[in-house]
Amino acid sequence: MIRFTHVFKEFPRTGLALQDVSLHVGKGEFVFLTGPSGAGKSTILKLIFLEERPTKGEVKVSGVSSVTIRGRDVPKLRRKMGVVFQDFRLLEDRSVEANIAFALEVTGTAPTAIGAKVSRLLGQVGLASKATSLPRELSGGEQQRVAIARALANDPVVLIADEPTGNLDERATRGIFQLLRDINASGTAVIMATHDLELIRRAECRTIEMNHGQIVFDSAEQVSANPAGGDAL
Amino acid sequence: MRYEELMRLAWREALLAFKRAPVLSVLSITTIAFSLFAFGLFGLVALNIRHQLSQLEDRVEIRAFVVDGTNAEATSAALGDIGSFPEVLSAKLVTSEEALVRARKELGEFSDVFEAGILPASIDVKLKPGHNDPATVSAVAGRIKNYDFVDDVRFGEEWVQKLYRIRNIATLAGAVLGLAFAGVAVIIIGSTIRMAVLARAREISIMRVVGATDGFIRSPFLIEGVLKGTLGGLLALLMTWLANTLMGRFVFSAEFFDMKYALAGVAAGAMIGLLGSAFSVGRHLREV
């Protein structure tokens, strides 16, 4: 579903962010992306939702290639993905339900269908009672749940989460992670960038470790190369 | 997305932008209004210069002096001829006696200087509106001069040319200054839209991430620009009208724009708003 083939990404000011990265994420997978700051995790995520294009190589998402896609088709591809950020990125002056409805409105969902869908999403993330609250009235964990509900608004095939628990305490982190696992269990692939090694150890999901713009470890390859498994982290 | 739905959302977002940043919105509308007000004042001056000049133009007259002793039949035949020239509004014979009466009336203090028979008879020709330019006046005068009994033709050649030069300069200055003020207004609107784009960077990044098209992201800013331009234009029109009314009360009364010009001014404001925001949004959306 997502395939990176010999991808290089260079930024004019900061130089090479990714070097010869090749990877494949299948439908319904849960993948951790980890590594130190500046390792290239966020660049990989940005390449997936085409906020950036590779300098060299190819990124394919749902059969659409970064090489051939036209600029005007990018929004259509993004509607197949949900994105969650560490800083939640909610509209502070709009209620929880308006924040979620916003994602449906801008993508052209019929106004008559929006109300019911927002209610369903709020139920899914456990915030049915907070529909009319403003983001600042919620805890960090609750705000991240709103962001996740918004990311799920267009029924994405993949949910991209860039350090979604980075600003949360341990309890909220566990809650958000469980929510992501539930979403994954219903068939949506999840790619989650995180520094939280404890979380990774406990979860036993596929883990890709980055350093200096390269993949230094991929548990999927490790398993196929060494069926006995190994503990690289 | 259906067009009506897109427009509904774009209008909602544009109006929300006004509500969220009322001070910034009022500031930009006022700035646009002052820039268009300066344009409006100059337009008013140009309008009045043109109006005064056109009144002067109506007074342009060709006077063909008739040789003494010319018989009445020849002059009346010539009058008929000249009157049928396409450029001519009227041609009238002024006899020597009538010329004397007119001179005494116009130059009252020298009335005793003039004696009977001192002034020649003349054919006074008025031209139709729109035919008072130097070339036409000169061509008609040339044709009249061809009559044998016409001694001399006067039409204030220099004066007509000066009049036209003044009018052309006023028109050109109006156009140049108008463009300059319009340019300033475009830059001002561009800057306010830039501020609006930067103030809504978070919202724009969210729109992008959830898959909004560029057209969808742009539309509220374009509507905002048009609204600001239109409101700025209306405010400028009001200020120009007030200035004109006050001047009329305390200095001298002047012509004001008719409905057509007033609407064109407001439409120009809207257009400037659209252009300013289109340039600015295109450029600054890439920055956020």
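So, on to the overall build of chain B. When helices and strands are counted, chain B shows nine helices and four strands. For chain B, the sequential pattern of α-helices and β-strands runs α-α-β-α-β-α-β-α-β-α-α-α-α. In terms of overall dimensions, chain B is more spread out than a globule: its C-alpha atoms have a radius of gyration of 30 Å, far above the 19 Å expected for 288 residues. The dimensions of chain B, computed from C-alpha atoms along their principal axes, are 95 × 40 × 30 Å. Nonlocal contacts in chain B, meaning residues at least 24 apart in sequence, comprise 82% of its contacts between residues at least 6 apart. Surface accessibility of chain B: about 15900 Å² in total, with carbon and sulfur atoms responsible for 64%. With 30 positive and 29 negative side-chain charges, chain B shows a spacing of 18 Å between the two charge centroids.

Moving on to the overall build of chain A. Assigned secondary structure in chain A consists of eight helices and 10 strands. Relative to the compact-globule value of 17 Å for 233 residues, chain A shows a C-alpha radius of gyration of 18 Å, a close match. A principal-axis box enclosing the C-alpha atoms of chain A has dimensions of 50 × 40 × 35 Å. Every one of the 233 residues in chain A was classed for burial, and the buried ones make up 52%. Long-range pairs, those at least 24 residues apart, make up 70% of the contacts in chain A with a sequence separation of at least 6. When the accessible surface of chain A is summed, it comes to about 10500 Å², and 47% of that surface belongs to carbon and sulfur atoms. Once the 29 positive and 27 negative side-chain charges of chain A are each reduced to a mean point, those two points are 7 Å apart.

Residue and element names in this part refer to chain B. Strands sit in the order β2-β3-β1-β4 across an open sheet of four strands; the sheet is antiparallel. Both outer strands of the open sheet, β2 (88-94) and β4 (150-154), are each paired with one neighbouring strand and no more. Neighbour-to-neighbour, the strand axes of this sheet turn through a mean angle of 20°, independent of strand direction. Here strand β1 (residues 61-66) runs beside strand β3 (residues 122-127); their pairing, made up of five bridges, is antiparallel.

Residues B:R194, B:R218, B:R283 and B:R286 make up a contiguous surface patch of positive charge. Position of B:R286 among the secondary structure elements: in the segment after α9 (259-284).

What follows concerns the sheet that holds strand β1 (residues 2-11) of chain A. Residues and elements named next belong to chain A. Spatially, four strands are ordered β2-β1-β4-β5 in an open sheet, and the strand pairing comes out antiparallel. The open sheet has two edge strands with one neighbour each: β2 (15-25) and β5 (64-65). One ladder, built from seven bridges, connects β1 with β2; its direction is antiparallel. Across the sheet, residue V7 finds its bridge partner in β2, namely V21.

A few words on the pattern of salt bridges. Throughout the structure, instances matching the rule amount to 22 salt bridges over all chains. Taking the shortest distance from any N to any O, the salt bridge between A:E52 and A:K9 comes out at 3.5 Å. Pair noted here: A:E52 is in the loop between α1 (41-48) and β4 (56-61) and A:K9 is in strand β1, with a separation of 43 residues, a long-range link. Its salt-bridge partner being B:R154, residue B:D152 comes within 3.2 Å of it at the nearest N-O pair. Of the residues examined, B:D152 reaches a relative accessible area of 24% and is grouped as partly exposed.

Ranked by internal contacts, the top residues of the largest apolar core, which has 70 residues, are A:F30, A:F32, A:I100, A:I148, A:L159, A:L180 and A:M192. No other element matches the eight residues that helix α6 (residues 157-199) of chain B contributes to this core. Excluding its chain neighbours within four sequence positions, the residues that come into contact with A:I100 are A:V118, A:L121, A:L122, A:V146, A:A149, A:R150 and A:A153.

Scored by pLDDT, chain B comes out at a mean of 83, with 95% of its residues at no less than 70. Mean pLDDT in chain B bottoms out at α6(B), which sits at 78, and peaks at β3(B), which reaches 90.

Residues and elements named next belong to chain B. Here the structure, examined in full by the defined rule, presents seven aromatic pairs over all chains. Centroid distance F34 to F37: 6.4 Å. Interplanar angle 80°. Geometry classified as edge-to-face. Highlighted residues: F34 and F37, both in helix α2 (residues 22-57), separated by three residues, approximately one helical turn. Look at F256 and F257: their rings are 5.3 Å apart centre to centre, the planes differ by 55°, and that puts the pair in the tilted class.

Moving on, we come to helix α6 (residues 170-185) of chain A. All names here are of chain A. Along its 16 residues, α6 runs 22 Å from first to last C-alpha, staying within 8% of the 22 Å computed at 1.5 Å per residue. Among all positions of α6, only A172, T173, I176, F177, L179, L180, I183 and N184 are buried. Down the axis of α6, the buried side of the element spans an arc of 155°, and every buried residue falls inside it. Away from the buried face of α6 by more than 90 degrees, exposed residues E170, R171 and A185 are located. Residues of α6 that are buried make contact with β3 (30-34), α4 (111-124), α5 (140-151), β7 (158-162), β8 (189-193) and α7 (197-203). G187 lies just past α6 and shows a positive phi near 115°.

A grouping of B:L235, B:L238, B:W241 and B:L242 is seen on the molecular surface, where their side chains present a nonpolar patch of about 360 Å² in accessible area. Tracing the sequence through the fold places B:W241 in helix α8 (residues 214-250).

A word on the domain arrangement of chain B. Split by domain assignment, chain B resolves into domain 1 (3-54 + 166-284) and domain 2 (61-154). When each unit is reduced to the centre of its C-alpha atoms, the spacing between domain 1 of chain B and domain 2 of chain B is 53 Å.

Taken together, the 22 residues of chain A in the interface contact 19 residues of chain B. Viewed at the interface, chain B and chain A are joined by three salt bridges. Between B:E203 and A:R94 there is a salt bridge, and its shortest N-O distance comes to 3.3 Å. At the boundary of chain A with chain B, the tally comes to six residue pairs in polar contact (both at pLDDT 80 or more). For the side of chain A that touches chain B, the element with the most residues is helix α3 (residues 96-106) of chain A, which contributes four residues.

The rules behind the values
Residues numbered from 1 in each chain as written. Chains lettered and ligands numbered in written order. Predicted model: local features only at pLDDT ≥ 70, side-chain atom pairs only at ≥ 80, totals over all residues. Heavy atoms only, no water. Helix = DSSP H or I, 4+ residues; strand = E, 2+ residues; numbered from the N terminus. Rg over C-alpha atoms; globule rule 2.2 N^0.38 Å. Contact = heavy atoms within 4.5 Å. Areas by Shrake-Rupley, 256 points an atom, 1.4 Å probe, with all protein chains shown as cover. Lys, Arg positive; Asp, Glu negative; His and termini not counted. Charge placed at Lys NZ, Arg CZ, Asp CG, Glu CD. Buried < 20%, exposed > 50% of the residue type's maximum accessible area, 1.4 Å probe, protein only. Pairing = 2+ DSSP bridges. Axes fitted to C-alpha atoms, helices over the stretch in contact; angles between N-to-C directions. Patch = residues over 30% accessible without salt bridge, like charges linked within 9 Å, V, L, I, M, F, W, Y side chains within 5 Å. Salt bridge = Lys/Arg side-chain N within 4 Å of Asp/Glu carboxyl O. Core = buried A, V, L, I, M, F, W, Y, C linked by side-chain atoms within 4.5 Å. pLDDT = per-residue confidence, 0-100. Phe/Tyr/Trp six-rings, centres within 6.5 Å; stacked < 30°, edge-to-face > 60°. Expected span 1.5 Å × (residues − 1). Arc of directions from axis to C-beta. Domains from an automatic or database assignment. Polar contact = N/O pair within 3.5 Å; in protein donor to acceptor, adjacent residues only side chain to side chain.

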